[in-house]
Amino acid sequence: DIFRLNCSHRRGGDFERVYPLIRKHSKELGVNVACLGDLQGPKFRVGELAADPIPLKNGDVLEFGICKDDNDTIKPGRITMKPTIEQNALVEACKVGTVLLIEDGLMEVKVTEKISSTELKVEVIRGGKLKARKGVNVPDLEIDCAALTSKDIEDAEFLLQLDPPIEYICVSFVQKGQDL
């Protein structure tokens, strides 16, 4: 039996409160429960919306790029991502034919043109209603960014200082052996 602590949600003393309860109740029940700390890894998300969710229709061709400024939000014909090291690396690594999955694969776009290291043209393959801050996944792309963020390192150090120390730590964003 393993209890997973999702570090994406570590804040405000939650783990400090929950971890001793896991240990206490597993001991009371006579059940050996190991704990696993799941490090968040870098996040890839679309940006903010100018208005209501944007309909993406199959066959539409859109701009997909890094926000140029605070007013460069998602709007009809344009999908944006905030300028972070990881998100810049994602867009820069894309090439014609790269498939980007949005919102756990509910929507799919394919790169048709690389305009610059921060701007793409994409065609909607599987549409839907695009909302703010939905995840972007590019399964067939190696992105030139670290598997661990500074938050991940802080979370791992915290997990290893628990008493007793956590048994397992997993990494969410592994692309190659060196990431481990």
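Before any of the text, the structure's been laid out above.
Criteria and cut-off values
- Residues numbered from 1 in each chain as written.
- Predicted model: local features only at pLDDT ≥ 70, side-chain atom pairs only at ≥ 80, totals over all residues.
- Heavy atoms only, no water.
- 1 Å grid on protein atoms, 1.4 Å probe; cavity = no way out; pocket = protein on both sides within 12 Å on 5 of 7 lines; lining within 4 Å.
- Points joined across faces, edges and corners; volume = space filled by probe spheres on them.
- Nonpolar A, V, L, I, M, F, W, Y, C, P; charged D, E, K, R; others polar.
- Helix = DSSP H or I, 4+ residues; strand = E, 2+ residues; numbered from the N terminus.
- Buried < 20%, exposed > 50% of the residue type's maximum accessible area, 1.4 Å probe, protein only.
- Contact = heavy atoms within 4.5 Å.
- Pairing = 2+ DSSP bridges.
- Axes fitted to C-alpha atoms, helices over the stretch in contact; angles between N-to-C directions.
- Salt bridge = Lys/Arg side-chain N within 4 Å of Asp/Glu carboxyl O.

## Details of the layout of surface pockets
Inference 1: A volume near 500 Å³ is recorded for the largest pocket.
Inference 2: In this structure, the largest pocket is lined by 22 residues; those nearest its centre are Pro42, Phe44, Gly135, Val136 and Asn137.
Inference 3: In terms of residue class, the lining of the largest pocket is made up of 11 nonpolar, six polar and five charged.
Inference 4: When its volume is computed, the second largest pocket comes out at roughly 240 Å³.
Inference 5: Considered class by class, the residues forming the lining of the second largest pocket number two nonpolar, six polar and seven charged.

## Structural notes on the side chain of Asp155
Inference 1: On the secondary structure map, Asp155 appears in helix H3 (residues 150-160).
Inference 2: Overall, the relative accessible area of 1% leaves Asp155 in the buried class.
Inference 3: Not counting the four nearest positions on each side in its chain, Asp155 is found in contact with Cys7, Arg10 and Leu39.

## Some remarks on the sheet that holds strand S2 (residues 34-39)
Inference 1: Pairing within the open sheet is parallel, and its three strands lie in the order S1-S2-S11. Since the sheet does not close on itself, it has two edges, and those belong to strand S1 (2-6) and strand S11 (168-171), each with one partner. In this sheet, neighbouring strand axes are inclined to one another by 25 degrees on average, regardless of whether the strands run parallel or antiparallel.
Inference 2: Bridging between S1 and S2 involves five bridges; their strand directions are parallel.

## Focus on the pattern of salt bridges
Inference 1: Scanning the entire structure with this criterion turns up 13 salt bridges.
Inference 2: The partner of Glu154 in a salt bridge is Arg10, with the nearest N and O atoms 3.9 Å apart. Remark: Arg10 occurs in the loop between S1 and helix H1 (14-29) and Glu154 occurs in helix H3; sequence separation between them is 144 residues.
Inference 3: Judged by its relative accessible area of 48%, Glu154 is partly exposed.
Inference 4: For Lys75, the salt bridge identified is with Asp72, shortest N-O distance 3.9 Å.
Inference 5: Residue class for Lys75 comes out partly exposed when judged on its relative accessible area of 33%.
Inference 6: Assessed through its relative accessible area of 8%, Asp72 is described here as buried.
Inference 7: Beyond isolated ion pairs, a larger network of salt bridges with shared partners links Glu63, Asp72, Lys75, Arg78 and Glu119.

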